[in-house]
Structures are given as C-alpha cells and as structure tokens.
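For reference, the chains in residue letters:
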Amino acid sequence: MAMEEPPQLFLCPISMELMEDPVTVSTGVTYDRRSIERWFFKYGKTTCPATMQRLSSFDLTPNHTLKSVISSWLDADRAAASSSSSSPGRERLPSVLAGIEATPFKATALKDLKSCMEGDAAAQEDFVARGGIQVLGRVMTQALAESSGDFSAFRTCEEAASVLAALPLSDDASAVELVLAPECMRPLVALVQRGSAEARLHAMAIVAKLSMAGRDWAAGVDADDLVRSLLELLSDGASPKLSTRALDVLLDVVTSRGARRRAKAVELGAVRVLVEILPDADRRGAERALLLLKRLCKCPEGRLAFAEHALAVPAVATAVMRVSGLASRLAVGVLRLVVGAAPAERVLDDMVMSGGVGKLLALMQVESSPSTKEKAARLLRTHDAFWRQYPCFPTDLREYLQFLN
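Residues numbered from 1 in each chain as written. Predicted model: local features only at pLDDT ≥ 70, side-chain atom pairs only at ≥ 80, totals over all residues. Heavy atoms only, no water.

1. Concerning the pattern of salt bridges
Inclusion rule: For this document, the term salt bridge refers to a Lys or Arg side-chain nitrogen within 4 Å of an Asp or Glu carboxyl oxygen. Helix and strand labels come from DSSP, where a helix needs a run of H or I of at least four residues and a strand needs a run of E of at least two; each type is numbered from the N terminus. In this scheme, a residue with accessible area under 20% of its type's maximum is buried, one over 50% is exposed, and one in between is partly exposed, where area comes from a 1.4 Å probe on protein chains only.
Considering all chains together, one arrives at 15 salt bridges under this definition. As a salt-bridge pair, D21 and R33 come within 2.7 Å of each other at their nearest N and O atoms. Of the two residues, D21 sits in the segment before β1 (22-24) while R33 sits in helix α1 (residues 33-42), which places them twelve residues apart along the sequence. Owing to a relative accessible area of 24%, D21 belongs among the partly exposed residues under this scheme. With a relative accessible area of 24%, R33 lands in the partly exposed category. Residue E159 pairs with K111 through a salt bridge whose shortest N-O separation is 4.0 Å. Pair noted here: E159 is in helix α7 (residues 151-165) and K111 is in helix α4 (residues 106-117), with a separation of 48 residues, a long-range link. Owing to a relative accessible area of 48%, K111 belongs among the partly exposed residues under this scheme. Through salt bridges with shared partners, one network takes in K111, R155, E158 and E159.

2. Quick look at the side chain of H309
Rules: Contacts: residue pairs with any heavy atoms within 4.5 Å of one another.
You can see H309 is positioned in the loop between α16 (300-308) and α17 (312-319). For H309, a relative accessible area of 14% puts it in the buried group. Setting aside anything within four residues of it in sequence, one finds H309 in contact with R272, V275, E276 and R346.

3. Details of α17
Among the eight residues in α17, six count as buried, and that is most of the element. Among the residues of α17, those classed as buried are A312, V313, A315, V316, A317 and A319. Those residues of α17 that are buried lie in contact with α14 (270-277), α15 (283-296), α16, α18 (325-339), α19 (345-353) and α20 (356-365). Following α17 by one or two positions, M321 adopts a phi angle in the positive range, close to 65 degrees.

4. A word on the packing of aromatic side chains
The line we're drawing: Aromatic pairing here means that ring centres of Phe, Tyr or Trp (its six-membered ring) are within 6.5 Å. Orientation follows from the plane angle: under 30 degrees is stacked, over 60 is edge-to-face, and everything else is tilted. Whether a charge lies above a ring is judged from NZ of Lys or CZ of Arg, which has to be within 6 Å of the ring centre and within 35 degrees of the ring normal.
Taken as a whole, this structure holds three aromatic pairs when the rule is applied. Look at F40 and F41: their rings are 6.0 Å apart centre to centre, the planes differ by 70 degrees, and that puts the pair in the edge-to-face class. Judged by its relative accessible area of 6%, F40 falls in the buried class. Judged by relative accessible area, which is 61%, F41 ranks as exposed. Pairing F40 with F58 gives two aromatic rings, centres 5.0 Å apart and planes at 75 degrees, and the pair type is edge-to-face. Highlighted residues: F40 in helix α1 and F58 in the loop between α1 and β3 (61-62), separated in sequence by 18 residues. Judged by its relative accessible area of 39%, F58 falls in the partly exposed class. Three or more aromatic residues joined by ring pairs make a cluster, and in this case those are F40, F41 and F58. Taking the ring centre of W39 as reference, the NZ or CZ of K45 above it sits at 5.5 Å.

5. Some thoughts on helix α11 (residues 223-235)
Going by this rule: By this rule, a helix spans an expected 1.5 Å times one less than how many residues it contains.
Given a rise of 1.5 Å per residue, 13 residues ought to cover 18 Å, and the 18 Å separating the end C-alpha atoms of α11 matches this to within 8%. The set of residues buried in α11 consists of A223, L226, V227, S229, L230, L231, L233 and L234. Structurally, α11 contributes buried residues whose contacts are with α9 (182-194), α10 (197-212), α12 (240-255), α13 (258-267) and α14. The first or second residue beyond α11 is G237, which carries a positive phi of 75 degrees.

Structure below.
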C-alpha cells in the first residue's frame, strides 16, 4: 500500500521528497542534508535555494525537532500500512509498463503504473532502467498531438506527467537527461500553459527538480509563450501553492538567459503582474515576487515599467517590515534600484505619500541586516533634500534625515 502523502513541512524544498536528515541554513530554511550539500558542493551554489539570498555561512544546523516529528509520522504511517493489505507493485511493474502504449485506456493504465511505484524507491529505479521515462515521453507526445478537441487525450498527458512527477530525478543524472528530451519537455510546457491545477503543479514540480539538478531546462522551450502563460495564471488569482510554483518557474525562465530574457519578460507585462499580485500574496509568494521584481529592475526596461506603474512604489513599500525579514531586504533592494537611479519626480512623490520614506527610516531603527540598513541610508541621503520639502513630512523624520547628513 502506498504511503500517505507527507505534510509539506516534511518535504525538502530542493528535492520535494521526505527529509531523512533535516538541517537548517543561516536563512532559517530547512533542507535535507544530502540535497543541500549537493547544492553547495556539487553545483557550487552560494545562495539559499528557497530564498535565493546569498549565504554568509555554509554551516548546517541539525533540526532535531523536525527529524523527531518526521520519525514519529513514519512510524504511524508504517503501522497503518502494515494493518492493511499491500499490493505487489514492483512485481506488476514490467507488465503494466509494457502494455501502456498499446492499451486504449491509457489514463487508467497510467494510474495503475503510478500505484506500482509510489513510495517504493526500488520500483522507481526499475521503472527508469526499463525505459519508463521514454515510454512516458512517447505517450505524452502522442496524447498532445491528439488533444485538439479531445479531452481524454489531454487527460492522458496529465496522468503521464503525474507519474513522472513521482520520480526523484535529482539523484539520477541519466534520468534528468531523458526528461530534458523534447518528447517530455514540450508536453510538460503545454501542461503548465493549459493543464488542470493538479497537472500544472505536477509539471512545475518536475521543472523545479530539473532546475535543482543544475540544468537549464528553459533553453529548449518557447520561453515567450511560457512566460505569457505563467503571467496569465498569476493574474487569474491561482491558489497560493500554484502561484508560488508559477513564480519559481518564472524566476527560472527570466534569469536563465540574462538581460535579453529579462527585457522580454518586462515587455510581456511581468512587472505589472508582479506588482498587482504582491499586496495579496502569502509570505513565500511575496518573497518570490519581490525577488523577481529585483531581477527585472536590474535592466532599464524593468525600472521604467516599475516607475510608470502607479501602484508599484506603494506595493513594494508596504512589504517592508510587514511580510518577513527577507521580504524587507528584497523590497529595499527594489526601491534602491528604481529610486536610486535618477528617478522621475513622481516616483519620489510616491515614496513619501505611500509611507515608503517612513518605512526606510523605521527600518534603520530596528534590528535588521547591516547591508539593508546601509541601502536604506543611501536612499535617504540621496534624496533627503527633495523629501524634506513636503509640508506633510513629519518633523521627527526631518530631524532624522538631518542627523544622517
């Protein structure tokens, strides 16, 4: 019998698998030791994968409490599984896999195939060794070709992606190469664009695993169409989980090809969408949106689009000291890029009227990172003459600005 799906808290943000040895990095995010060590030492990364914040220390602190809770959950799940009948999934795997392409009832057969592998690492390895990924690629490609006006064919494509999403991938370089083939990637991108909510989550989970394996999966897809679809999904008010996944994929696509890709994302409306979803986003969604805005505002097109949006400065300023420490750092970084680079007078006006200047001053008086305080101070010093001229500007803030000088 397949294991009960573990709580999200128990899953490593890198591999999206149950953590065996949870450790916490300096940003406060917990990962499985094996995954985060691969991130640092195999791929040479120096950032926190979940927040993309540069790490000042690579110390890994064991999370004994979480490990104990996971162990208790596993014991309870095993006890429940042992009291019920179990199916010989691995024994059935060869025959089920062999019949997938021939059967007219592919969606049902794919569900059966998934049940053969769930929670069984040996069965998953056997699946890959028997050419299972190639079979799924052919099934998805055929289903996608037949899906015009045929819901059942597209449903087959969605079921195949759910099987693929059950594979770990991150520990198997050969499996990653197989998934990167056009036969798999084109259907996966189609699912991100027009699949059901569940299918989109599966497709984006696969993409996240490819990214964590250090591969530029976006190089072989039509990035413009994908960005356009992701922005539409975010604009439509998707669930927090789906929105967070979409932001992760968008971050991958936007940053994979440097300034040109960022400029194109801005042209497609990325800054507008990110600004408009920011006020209602949850913590993780807000952090990802701010990180994307910071990346986009590093190019002139991004700064211009930000400055021209009437809600941009208020939305970002509101995030300071409201969402999280990371969100505050990212928000200050965005404001510094836009306000610090010869801004229009309206942008400076917005900083005062939205409370952005007050937030910067308050940030300097509370416990926060030295680099964030320094960025806030630079902004205040650069434009204090303009901001102090406002009659509505609080006297104590005027005195504080004079003190900074």
